[in-house]
Amino acid sequence: MDRFEAPDFYQLDDLLTDEQKLIRNSIRDFVKKELSPIIEDCAQKSSFPKHLVKKFGDIGLFGPTIPVEYGGGGLDYISYGLMMQEIERGDSGMRSCVSVQGSLVMHPINKFGSEEQKKKYLPKLASGEMLGCFGLTEPDHGSNPSGMLTHFKDMGDHYLLNGAKMWITNSPLADIAVVWAKNEKGRVHGLIVEKGMKGFSAPEIHNKWSLRASITGELVFDNVKVPKENLLPGVDGLKGPMSCLDSARFGIAWGAIGAAMDCYDSAKRYSLERIQFEKPIAAFQLTQKKLAEMLTEITKAQLLAWRLGVLKNQGKATTPQISMAKRNNVNMALQIAREARQIHGGMGITGEYPIMRHMMNLESVITYEGTHDIHLLILGQEITGIPAFK
Ligand SMILES: Cc1cc2nc3c(=O)[nH]c(=O)nc-3n(C[C@H](O)[C@H](O)[C@H](O)COP(=O)(O)OP(=O)(O)OC[C@H]3O[C@@H](n4cnc5c(N)ncnc54)[C@H](O)[C@@H]3O)c2cc1C
């Protein structure tokens, strides 16, 4: 049974509107009812719970900030962040599925797509009738996507796409892929590639120890004929995929708090129930130090995320600000997962508790959407004006 109780040490609920609290609570209830009972088994078996895709759509998890006329929620960014927090409290792999669909597939179609593309894809993506994926990373180009080799040629009445993408969340099951590729002039553009197009395949990547309940794969393009109307008309250059990543990283900054809260909550309860030396282990100062530090770090991360949400709602959140929150909050969650694992002793390595699953999941979250070190370099560039990437 999921006995989760969220910490709110600085009464941050007072900063939320009634609507934001309602949305947060509805996702919290959904996670307790639909996700928590099955997620451990899915992770152990490395199986993606496909049946949840439609339910995620029904509850509004896909594209909460996309306008209502295209099937989205028309919500503000703090509501979106709270939704990501709650779903990642359940599992980072489920938040990954939702983030990709909303921020990396629906967002670029909404922002850079034609009216026809928006009408064709967004409502189905919002409802969960369609699943999407986002192809930027390549086998030889991860942190440096500008070096990408995937490319397309203008063949007059269509484009011819060749290349490969790696580490693509949702890809083996996706109905569409938003793929970033270079044209003959070397400029990056977004193409919508549909399942079933000749020469397009999406093999699954097996044997992950992290995000085991999420499905990950490759994208392979072997002379794929892509109709011209599938090019996203409103963007030219790497700023296209980068702006999508800003939106997804914002969601991760909130999501990681959810994973941290779950680890803290479990550690607190366990420490009060577990007796050693005739006392609950919560009575020992060393355990109290761990719990006090966890709560402090969660509270700081909550404040960072909330303020970033306010800035994002005002259209003022910058890429380095988002980098700071993603970097800090994911690292915070990973450290808390490790401390929580210690508090659970041997039980901490079992599937009886969510700790080890969160910890392994967070090892991907700290790497994808810009590694921990790449976000540090983004901040370093912001501070000094000097890029240290090369
Ligand atoms: C489970 C999972 C799901 C993913 N989902 C998606 C997805 O849906 N779509 C997508 O496009 N991608 C996805 N990714 C890819 C992810 O974004 C990349 O793994 C990430 O960007 C890092 O790239 P890389 O793995 O090639 O590592 P590399 O870029 O090879 O980095 C390896 C190490 O070198 C360091 N490094 C690299 N450059 C520098 C530098 N200039 N200075 C200092 N250190 C440096 C990095 O910080 C890192 O520690 C996913 C990855 C995972 C693991």
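You'll find the structure just up there.
Residues numbered from 1 in each chain as written. Predicted model: local features only at pLDDT ≥ 70, side-chain atom pairs only at ≥ 80, totals over all residues. Heavy atoms only, no water.

*Asks:* What is the right way to read the pairing of strand β7 (residues 216-227) from this model?
*Replies:* Summarising the sheet, strand β3 (residues 158-169) and β7 pair through 9 bridges and their orientation is antiparallel. Bridge pairing links K165 to L219 in β7. As paired elements, strand β6 (residues 200-201) and β7 share 2 bridges and run antiparallel to each other. Opposite F200, over in β7, you have F221 as the bridge partner. (Pairing = 2+ DSSP bridges. Helix = DSSP H or I, 4+ residues; strand = E, 2+ residues; numbered from the N terminus.)

*Asks:* How should the layout of surface pockets be read in this particular structure?
*Replies:* The probe, sized like a water molecule, is rolled over the atoms to show the empty space still left. One number sums up the size of the largest pocket: a volume of about 1,300 Å³. Around the largest pocket sit 42 residues that line it, and T137, G142, S143, E369 and G370 are the ones nearest its centre. If you list the elements that add at least two residues to the lining of the largest pocket, you get α4 (92-112), β3, α6 (239-273) and α10 (372-384). Grouping the amino acids of the lining of the largest pocket by side-chain chemistry returns 18 nonpolar, 17 polar and 7 charged. Approximately 550 Å³ is the volume attributed to the second largest pocket. Taken together, 24 residues form the lining of the second largest pocket, with M1, D2, E352, Y353 and P354 sitting closest to its centre. Counting residues per element, the ones that place at least two in the lining of the second largest pocket are α1 (18-45), α3 (77-90), α6 and α9 (355-365). Its residues assigned to classes, the lining of the second largest pocket shows 8 nonpolar, 5 polar and 11 charged. (1 Å grid on protein atoms, 1.4 Å probe; cavity = no way out; pocket = protein on both sides within 12 Å on 5 of 7 lines; lining within 4 Å. Points joined across faces, edges and corners; volume = space filled by probe spheres on them. Nonpolar A, V, L, I, M, F, W, Y, C, P; charged D, E, K, R; others polar.)

*Asks:* Would you take a moment to explain the packing of aromatic side chains for this structure?
*Replies:* Aromatic ring pairs are reported here in terms of the distance separating the ring centres and the angle at which the planes meet. Taken as a whole, this structure holds 12 aromatic pairs when the rule is applied. Relative to F62, the ring of F56 has its centre 6.0 Å away and its plane inclined at 85°; by these criteria the two rings are edge-to-face. An identical accessibility class is assigned to F56 and F62; each is buried. Taking the centre distance of 5.8 Å and the plane angle of 90° together, the rings of Y77 and F250 count as edge-to-face. Pair noted here: Y77 is in helix α3 and F250 is in helix α6, with a separation of 173 residues, a long-range link. The pair Y77 / F250 is uniform in exposure class, with both members buried. Aromatic ring contacts, followed pair by pair, group Y77, Y80, F250 and W254 into a single cluster. Positioned above the aromatic ring of Y77 is the side chain of K312, whose terminal nitrogen or guanidinium carbon lies 4.6 Å from the ring centre. (Phe/Tyr/Trp six-rings, centres within 6.5 Å; stacked < 30°, edge-to-face > 60°. Buried < 20%, exposed > 50% of the residue type's maximum accessible area, 1.4 Å probe, protein only. Lys NZ or Arg CZ within 6 Å of the ring centre and 35° of its normal.)

*Asks:* What is the right way to read the site of the ligand from this model?
*Replies:* Taken together, 18 residues lie around the ligand, and T137, S143, W167, T371 and F389 are the ones closest in. Backbone polar atom of E369 to an oxygen atom of the ligand: 3.4 Å apart, as the coordinates give it. Assessed atom by atom at 2 Å from the grid points, the ligand resides in the largest pocket. For the shell around the ligand, the residue count by class is 9 nonpolar, 7 polar and 2 charged. (Near = heavy atom within 4 Å. Polar contact = N/O pair within 3.5 Å; in protein donor to acceptor, adjacent residues only side chain to side chain. Sits in = over half its atoms within 2 Å of the grid points.)

*Asks:* How do you make sense of the nonpolar core when you look at a structure like this?
*Replies:* Here is a general trend for soluble globular proteins: nonpolar side chains tend to be buried in one another's company. Judged by nonpolar contacts, the single largest core of 93 residues is most densely connected at F56, L61, M94, I109 and W180. Ranked by the residues each element gives to this core, the list is headed by α6, at 16 residues. Setting aside residues no more than four positions away along its own chain, F56 makes contact with F30, L61, F62, I87, M94, C97 and V98. Counting 18 residues, the second-largest nonpolar core is a separate cluster that includes F152, A174, V193 and M197. (Core = buried A, V, L, I, M, F, W, Y, C linked by side-chain atoms within 4.5 Å. Contact = heavy atoms within 4.5 Å.)

*Asks:* Explain the packing of helix α7 (residues 285-313) against helix α8 (residues 319-343) here, please?
*Replies:* When two helices pack together, their arrangement is given by the angle between their axes and by how far apart the axes lie. In contact at an axis separation of 10 Å, α7 and α8 are set at 160° when each is read in the N-to-C sense. As summarised for this structure, α7 and α8 are arranged roughly antiparallel, according to the angle between their axes. In terms of crossing hand, the pair formed by α7 and α8 is left-handed. Counted together, T287, K290, L291, M294, E297, I298, A301, L304, A305, L308 and L311 of α7 and Q321, I322, M324, A325, N328, N329, M332, I336, E339, A340, Q342 and I343 of α8 form the full contact between these two elements. Across the contact of α7 with α8, the residue classes break down as 15 nonpolar, 5 polar and 3 charged. (Axes fitted to C-alpha atoms, helices over the stretch in contact; angles between N-to-C directions. Parallel < 35°, antiparallel > 145°, perpendicular 65-115°, else oblique. Left-handed = near helix turned anticlockwise from the far one by under 90°.)

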